[in-house]
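A closer look at the structure
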Amino acid sequence: MLDLFSRSPATLIPDCPASLEGPLPYDFIARSSQIFDAAETECVRVTAKRLGVMGNEILARDLFLAIGDWKQRHTPADTRDWLRFCVPVDMRMHEEFRYLNGNWASYIFLDRRFCDLHNPDHLLSGIHNQMELVKRQRL
């Protein structure tokens, strides 16, 4: 928990207003969503099963990689800077929540340094281990 307060994530965009720097990049991250069709969803599910991870862990890894790549191209960061994402965690895996109707979820923060993004396999393993720890310890 203390890590959450001791780490300051890097900003995704420069601190100065866009009007002072000219137009925003064509691939500027404003707000985005992605809806996977059945084939894409199945591909994520099969890949996750093959790798022994959850689908949302693959998506979290890929989000880190995509944002890290975008950030490095537009406003390069120090390799020791942090990226932080808030991700949902399904709490129904706990026995007392298993039979509740509806969704029972919480959120956790995943923090990674830019230097952690150079090895996608290690990044995925770290995300998986952190998510498993949260679930196992009921954090």
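See the structure printed just above.
Everything in this summary refers to the structure shown in the same document.

What counts, and at which threshold
Residues numbered from 1 in each chain as written. Predicted model: local features only at pLDDT ≥ 70, side-chain atom pairs only at ≥ 80, totals over all residues. Heavy atoms only, no water. Helix = DSSP H or I, 4+ residues; strand = E, 2+ residues; numbered from the N terminus. Buried < 20%, exposed > 50% of the residue type's maximum accessible area, 1.4 Å probe, protein only. Contact = heavy atoms within 4.5 Å. Core = buried A, V, L, I, M, F, W, Y, C linked by side-chain atoms within 4.5 Å. Salt bridge = Lys/Arg side-chain N within 4 Å of Asp/Glu carboxyl O.

Moving on to the environment of Asp 78. If you trace the backbone, Asp 78 turns up in the loop between α4 (55–74) and β1 (82–90). Exposure remark for Asp 78: the relative accessible area of 31% places this residue in the partly exposed category. Each C-alpha atom, one on Asp 78 and one on Ala 10, is 9.1 Å from the other, the two residues being 68 residues apart in sequence.

Another point: the environment of Ala 10. With respect to the helices and strands, the residue Ala 10 is situated in the loop between α1 (2–6) and α2 (18–21). Separated by 70 residues in sequence, Ala 10 and Arg 80 place their C-alpha atoms 9.8 Å apart. For Ala 10, the contacting residues outside a window of four places in its chain are Lys 71, Asp 81, Trp 82 and Phe 114.

Here the focus is the nonpolar core. Membership of the largest hydrophobic core comes to 17 residues, with the highest contact counts inside it found for Phe 64, Val 87, Ile 108, Leu 110, Ile 127 and Met 131. Broken down by secondary-structure element, the contributors of at least two residues to this core are α4, β1, β2 (105–113) and α5 (120–137). Each residue touching Ile 127, except ones within four places of it in the same chain, is listed here: Glu 57, Ala 60, Arg 61, Phe 64, Leu 110 and Arg 112.

Further remarks concern the pattern of salt bridges. Note on pairing: side chains with opposite charge can pair once their charged atoms come close. As enumerated under the stated definition, the model contains six salt bridges in all. Glu 42 serves as the salt-bridge partner of Arg 45, at 2.7 Å between the closest nitrogen and oxygen. With Arg 45 and Glu 42 both in helix α3 (residues 38–51), this residue pair falls three residues apart, about one helical turn. Residue class for Glu 42 comes out partly exposed when judged on its relative accessible area of 37%. Linking Arg 80 and Asp 78 is a salt bridge whose minimum nitrogen-to-oxygen distance equals 2.9 Å.

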